[in-house]
Amino acid sequence: MGRIKMKSTTQVLLALTVLMLAVIIVSADHCGTNEHYEECGTACPKICATRKDNVFCTDNCVEGCFCDPGFIRVVSGGRCIPLGHCM
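Residues numbered from 1 in each chain as written. Predicted model: local features only at pLDDT ≥ 70, side-chain atom pairs only at ≥ 80, totals over all residues. Heavy atoms only, no water.

Here we come to the overall build of the chain. Looking only at helices and strands, the chain has one helix and four strands in total. Mapped from its N terminus to its C terminus, the chain presents α and β elements in the order α-β-β-β-β. Split into buried and exposed, the 87 residues of the chain put 15% on the buried side. Carbon together with sulfur atoms contributes 64% to the accessible area of the chain, which is approximately 7,000 Å² in total. (Helix = DSSP H or I, 4+ residues; strand = E, 2+ residues; numbered from the N terminus. Buried < 20%, exposed > 50% of the residue type's maximum accessible area, 1.4 Å probe, protein only. Areas by Shrake-Rupley, 256 points an atom, 1.4 Å probe, with all protein chains shown as cover.)

Following this line, the structure appears as structure tokens:
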């Protein structure tokens, strides 16, 4: 009985690992318009409302899609627009 449980646990862990890798690969290919993927981007990307503020941010990096140079997010998690289009 112990071997069956261990084999089952190993299979579950392997399946979760494969799923996590698939999510990472898919997310890297699905950045929006005017965005690019980074493995280690800023944890505090600028948005229109904070573009001129000197916001305190940690040095932690995050993985995901970030605006291309010259573009900024309208709001956190929103689309990237040309910097000059912020109101």
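With respect to the helices, strands and loops of the structure, arginine 73 is situated in strand 3 (residues 71-73). For arginine 73, a relative accessible area of 10% puts it in the buried group. At a separation of 2.5 Å, a polar atom in the side chain of arginine 73 contacts the main-chain carbonyl oxygen of glycine 78. Leave out the neighbours within four places in its chain, and arginine 73 touches Glu35, Lys46, Ile47, Cys48, Cys65, Phe66, Cys67, Gly78, Arg79 and Cys80. (Polar contact = N/O pair within 3.5 Å; in protein donor to acceptor, adjacent residues only side chain to side chain. Contact = heavy atoms within 4.5 Å.)

All told, the structure shown has five disulfides when counted by the stated rule. In this model, cysteine 40 is linked to cysteine 61 through a disulfide, with the two sulfur atoms separated by 2.1 Å. Judged by the sign of its S-S torsion, about -110°, the cystine formed by cysteine 40 and cysteine 61 is left-handed. Within this pair, whereas cysteine 40 is found in strand 1 (residues 35-42), its partner cysteine 61 is found in strand 2 (residues 61-67), the two being separated by 21 residues in sequence. Residue cysteine 40 is classed as partly exposed on the basis of its relative accessible area of 48%. With a relative accessible area of 40%, cysteine 61 lands in the partly exposed category. Covalent S-S linkage joins cysteine 44 and cysteine 57, the inter-sulfur distance amounting to 2.1 Å. When the S-S torsion is 85°, as for the bridge of cysteine 44 with cysteine 57, the disulfide is right-handed. Of this pair, cysteine 44 sits in the loop between strand 1 and strand 2 while cysteine 57 sits in the loop between strand 1 and strand 2, placing them 13 residues apart in sequence. (Disulfide = S-S within 2.5 Å.)

For the rest of this paragraph, the subject is the environment of glutamate 35. Summarising the element assignment, glutamate 35 is placed in strand 1. Taking relative accessible area as the criterion, glutamate 35 reaches 18% and is therefore assigned buried. Counting along the chain gives 32 residues from glutamate 35 to cysteine 67, while the straight-line C-alpha distance between them is 4.3 Å. Excluding residues that lie within four positions of it along the chain, glutamate 35 makes contacts with Cys65, Phe66, Cys67, Asp68, Arg73, Gly78 and Cys80.

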